[in-house]
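Structural description and commentary
For reference, the chains in residue letters:
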Amino acid sequence: MSLVLRNLQRAVPLRRVPLRQRMEMVRSILGVQKFDLGIICVDNKSIQHINRMYREKNIPTDVLSFPYHENMKAGEIPQPDCPDDYNLGDIFLGVEYIFQQCKENEDYYDILTMYQKEKQVLEELGRCTGARLQPLSRGLF
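Residues numbered from 1 in each chain as written. Predicted model: local features only at pLDDT ≥ 70, side-chain atom pairs only at ≥ 80, totals over all residues. Heavy atoms only, no water.

**Side note on the sheet that holds strand S4 (residues 87–94)**
Within the open sheet, the 4 strands sit side by side as S1-S2-S4-S3. Their pairing is mixed. The open sheet has two edge strands with one neighbour each: strand S1 (3–7) and strand S3 (63–67). Across the sheet, the mean angle from the axis of one strand to that of its neighbour is 10°, orientation sign disregarded. In terms of strand pairing, S3 meets S4 through 5 bridges, oriented antiparallel. Of the residues in S4, the one forming a bridge with Pro67 is Gly89. Running at roughly 150° to S1, helix H1 (residues 16–30) makes contact with S1 and strand S2 (36–42) of the sheet. (Pairing = 2+ DSSP bridges. Helix = DSSP H or I, 4+ residues; strand = E, 2+ residues; numbered from the N terminus. Axes fitted to C-alpha atoms, helices over the stretch in contact; angles between N-to-C directions. Contact = heavy atoms within 4.5 Å.)

**Thoughts on the packing of aromatic side chains**
A complete count under the given rule lists 3 aromatic pairs for this structure. Taking 5.1 Å as the distance between ring centres and 40° as the angle between the ring planes, the aromatic pair formed by Phe35 and Tyr86 counts as tilted. Here Phe35, found in the loop between H1 and S2, pairs with Tyr86, found in the loop between S3 and S4; they are 51 residues apart in sequence, far enough to count as distant. Residue classification places Phe35 among the buried positions, given a relative accessible area of 4%. Ring plane angle 90° and centroid distance 5.7 Å describe the contact between Phe66 and Phe92, whose orientation is recorded as edge-to-face. Of this pair, Phe66 sits in strand S3 while Phe92 is found in strand S4, placing the two residues 26 residues apart along the sequence. Accessibility expressed as a relative area gives 17% for Phe92, which makes it buried. (Phe/Tyr/Trp six-rings, centres within 6.5 Å; stacked < 30°, edge-to-face > 60°. Buried < 20%, exposed > 50% of the residue type's maximum accessible area, 1.4 Å probe, protein only.)

Below you can see the structure in the form of structure tokens.
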């Protein structure tokens, strides 16, 4: 199915092709290529508004996720009954917030691909799948 990638912000330059390639790789590793997924990149003002609406927290944040299927446990893959239910949901990335966090820590290489974030994501995927995954940038930092 499809991966919808939208960049609705202008605060941080974003390279969508590498982000799409990495997200397709993650979907493949997790075995969820048959599911639709939306990745929406937003600025601080937008993520703060969404955070206030859904979590009652009036602050920007890095990631907000809105799963299509309810009551799923971590690592569990949905088992849809009909084609319309092959949907994982939407993930909002506060790229401006993420970039600011990286700059504050002076630990950034390329937005959304820096080593520490990549390593954390791969560790979490490893916990979900049992696979031993290593960052592509291993050894560079």
